[in-house]
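Next come the chains, spelled out residue by residue.
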Amino acid sequence: MILVTGGCFQGKKDYACEAFHIAREDTADGADCPLEAIFDVKLLYHFHEYIRRLMQAKEELDLDRLQCENPDIVLVTNELGYGVVPVDQFDRAYREKTGRVCCEIAKRADEVHRVVCGIGTVIKHD
């Protein structure tokens with residue numbers, strides 16, 4: 001697994017597609033793809049939105065299954081931990097859940113990249 005993170009509108013998807021030689025047609029948008037797509041697609045962007053959808057459906061992501069069935073997936077997510085804490089209870093829970101899931105993925109990942117202004121920095125490489 002590879003995790004690519006950074007702020008909103010920082011060029012994470014473009015960076016990931018170029019860095020890992022992934023064609024646009026091999027990507028899926030976590031905001032609206034089928035929930036099972038994560039187990040087949042090469043790159044899932046808007047992973048934070050995928051987590052929101054799982055929470056709304058009262059489902060959990062099975063990281064063991066993901067690691068087994070799609071070990072080479074590239075997950076692209078916004079960093080949600082900076083800025084103002086949301087007033088809405090669900091949004092606070094979503095922000096926390098996303099952070100915790102991404103921390104677990106980062107532990108398991110072969111690589112973690114942080115992208116700022118379209119420039120990626122490798123922060124973990126096993």
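Before going into details, it helps to say that this report is about the structure given with it. All values reported here derive from a predicted model rather than from experimental measurement.

1. Some words on the overall build of the protein chain
In terms of helices and strands, the protein chain carries 4 helices and 6 strands. Seen in sequence order, the protein chain has helices and strands lined up from the N terminus as β-α-β-β-α-α-β-α-β-β. By the compact-globule yardstick of 14 Å for 126 residues, the protein chain fits well, its C-alpha radius of gyration being 14 Å. Seen through its C-alpha atoms, the protein chain measures out along the principal axes to roughly 40 × 30 × 25 Å. Residues counted as buried form 41% of the 126 residues belonging to the protein chain. Contacts in the protein chain between residues far apart in sequence, at least 24 positions, make up 58% of those at least 6 positions apart.

2. Quick look at the packing of helix 2 (residues 47-56) against helix 4 (residues 89-108)
In contact at an axis separation of 10 Å, helix 2 and helix 4 are set at 120° when each is read in the N-to-C sense. Between helix 2 and helix 4, the crossing angle belongs to the class labelled oblique. The handedness of the crossing between helix 2 and helix 4 comes out as right-handed. Counting all contacts with helix 2, which are made through F47, H48, E49, I51, R52, M55 and Q56, the residues of helix 4 involved are F90, D91, A93, Y94, K97, T98, V101, C102 and I105. A breakdown of the residues in the contact of helix 2 with helix 4 according to their chemical character gives 9 nonpolar, 3 polar and 4 charged.

3. Topic: the sheet that holds strand 2 (residues 27-29)
Ordered by their spatial adjacency, 6 strands build an open sheet running 2-3-4-1-5-6, and the pairing between neighbours is mixed. This sheet does not close on itself; its edge strands, each paired only once, are strand 2 and strand 6 (119-125). Adjacent strand axes in the sheet meet at a mean angle of 20° when their direction is disregarded. In this structure, strand 3 (residues 43-45) lies alongside strand 4 (residues 74-78), joined through 2 bridges in parallel fashion. Of the residues in strand 4, the one forming a bridge with L44 is L75. In the packing of helix 1 (residues 12-19) onto the sheet, the strands contacted are strand 1 (2-6), strand 2, strand 3, strand 4, strand 5 (111-116) and strand 6, and the crossing angle to strand 4 comes to about 160°.

4. Re the pattern of salt bridges
Close approach of charged atoms lets side chains of opposite charge pair. Here the structure, examined in full by the defined rule, presents 12 salt bridges. Salt-bridge contacts for R65 lead to E36; the nearest nitrogen and oxygen are separated by 2.9 Å. Taken together, the residues span a long stretch of sequence, with R65 in helix 3 (residues 63-69) and E36 in the loop between strand 2 and strand 3 at a distance of 29 residues. With a closest N to O distance of 3.3 Å, R52 and D91 form a salt bridge. Pair noted here: R52 is in helix 2 and D91 is in helix 4, with a separation of 39 residues, a long-range link. With relative accessibility at 26%, the residue D91 sits in the partly exposed group.

5. Some thoughts on the environment of E104
For E104, the position within the fold is in helix 4. Its relative accessible area of 27% is what places E104 among the partly exposed residues. Separated by 41 residues in sequence, E104 and L63 have C-alpha atoms that sit 8.6 Å apart.

Analysis parameters
Residues numbered from 1 in each chain as written. Predicted model: local features only at pLDDT ≥ 70, side-chain atom pairs only at ≥ 80, totals over all residues. Heavy atoms only, no water. Helix = DSSP H or I, 4+ residues; strand = E, 2+ residues; numbered from the N terminus. Rg over C-alpha atoms; globule rule 2.2 N^0.38 Å. Buried < 20%, exposed > 50% of the residue type's maximum accessible area, 1.4 Å probe, protein only. Contact = heavy atoms within 4.5 Å. Axes fitted to C-alpha atoms, helices over the stretch in contact; angles between N-to-C directions. Parallel < 35°, antiparallel > 145°, perpendicular 65-115°, else oblique. Left-handed = near helix turned anticlockwise from the far one by under 90°. Nonpolar A, V, L, I, M, F, W, Y, C, P; charged D, E, K, R; others polar. Pairing = 2+ DSSP bridges. Salt bridge = Lys/Arg side-chain N within 4 Å of Asp/Glu carboxyl O.

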